[in-house]
Amino acid sequence: MSGRAARHDAAHGRIGAPVRRRTRAEPADTSVSPADLLGRLKFPASLALPGYTSCSWRTEGNELYGVGLWTPDGSTAISHTPGAVRQIGPQRLWDTVEDLAKIFGDEPGREAFLLTVTPTRQTVFYEDTDGPSWVLPATF
């Protein structure tokens, strides 16, 4: 048998397909600091990553040294102040954060966003309807 664990179906007494174990994500360089996600990119991230959750780590002197974010599908990203990030899961969360950093050089004012609502869709645009946009999850 391979080094991977097999899933056991106790209800039917049979062994199923091998269960893939999570591997450790290799660190990658990033130019976006954790402080950016908690500051100027917080509102845009809520549009681009609906339902994301975040946490942060601080030193005993209350200096930010890392931030983690995850989504309900199991995607996770952890970024540290020195500029390294690890990502795992179906979505590349920190890639989205880096894309947002390119769009928003400064913290955007909420008045710069436009909202269109139709019976089947809600879309947020930045600055005009030809600019970056995000479709909000439907809760109809």
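Heads up: the structure comes first, above all this text.
The present account deals with the structure reproduced in this document. Since the structure is predicted, the reported quantities are computational estimates derived from the model, not experimental observations.

Here we look at the sheet that holds strand β8 (residues 113-117)
Whether parallel or antiparallel, the strands of a sheet pair through hydrogen bonds between backbone atoms. Taken together, the 3 strands give an open sheet; going across it, the order is β8-β9-β10, and neighbouring strands pair in antiparallel fashion. Of all the strands in the sheet, just β8 and β10 (133-135) have a single pairing partner and so form its edges. Each strand of the sheet is rotated relative to its neighbour by a mean of 20°, with strand direction disregarded. In the sheet, strand β9 (residues 122-126) pairs with β10 via 3 bridges, with the strands oriented antiparallel. Paired with F125 across the strands is S133, a residue of β10.

Thoughts on unusual backbone geometry
A positive phi is found at N62, a non-glycine position, where the angle reads about 70°. Notably, E127 is not glycine yet its phi reads approximately 70°, a positive angle. If you trace the backbone, E127 turns up in the loop between β9 and β10. Residue E127 is classed as exposed on the basis of its relative accessible area of 54%.

Some thoughts on the pairing of strand β6 (residues 76-80)
Burial along β6 is one-sided: the face carrying A77 and S79 is buried and the face carrying T76, I78 and H80 is not. The antiparallel pairing of strand β5 (residues 64-70) with β6 creates a hairpin that spans 5 residues between the two strands, and G74 there sits at a positive phi of about 95°. As judged from the 5 bridges shared by β6 and strand β7 (residues 84-88), these two strands associate in the antiparallel manner. The residue bridging A77 from the neighbouring strand is Q87, located in β7.

A look at the packing of aromatic side chains
Enumeration according to the criterion identifies 5 aromatic pairs in this entry. Pairing F104 with F113 gives two aromatic rings, centres 6.0 Å apart and planes at 35°, and the pair type is tilted. Note on F113: relative accessible area 11%, which makes it buried. With centroids separated by 5.2 Å and ring planes inclined at 45°, the aromatic side chains of F113 and Y126 adopt a geometry described as tilted. Of this pair, F113 sits in strand β8 while Y126 is found in strand β9, placing the two residues 13 residues apart along the sequence. One exposure class covers both F113 and Y126, and it is buried. The rings of F43, F104, F113, Y126 and W134 are connected pair by pair, giving a single aromatic cluster.

The rules behind the values
Residues numbered from 1 in each chain as written. Predicted model: local features only at pLDDT ≥ 70, side-chain atom pairs only at ≥ 80, totals over all residues. Heavy atoms only, no water. Pairing = 2+ DSSP bridges. Helix = DSSP H or I, 4+ residues; strand = E, 2+ residues; numbered from the N terminus. Axes fitted to C-alpha atoms, helices over the stretch in contact; angles between N-to-C directions. Buried < 20%, exposed > 50% of the residue type's maximum accessible area, 1.4 Å probe, protein only. Phe/Tyr/Trp six-rings, centres within 6.5 Å; stacked < 30°, edge-to-face > 60°.

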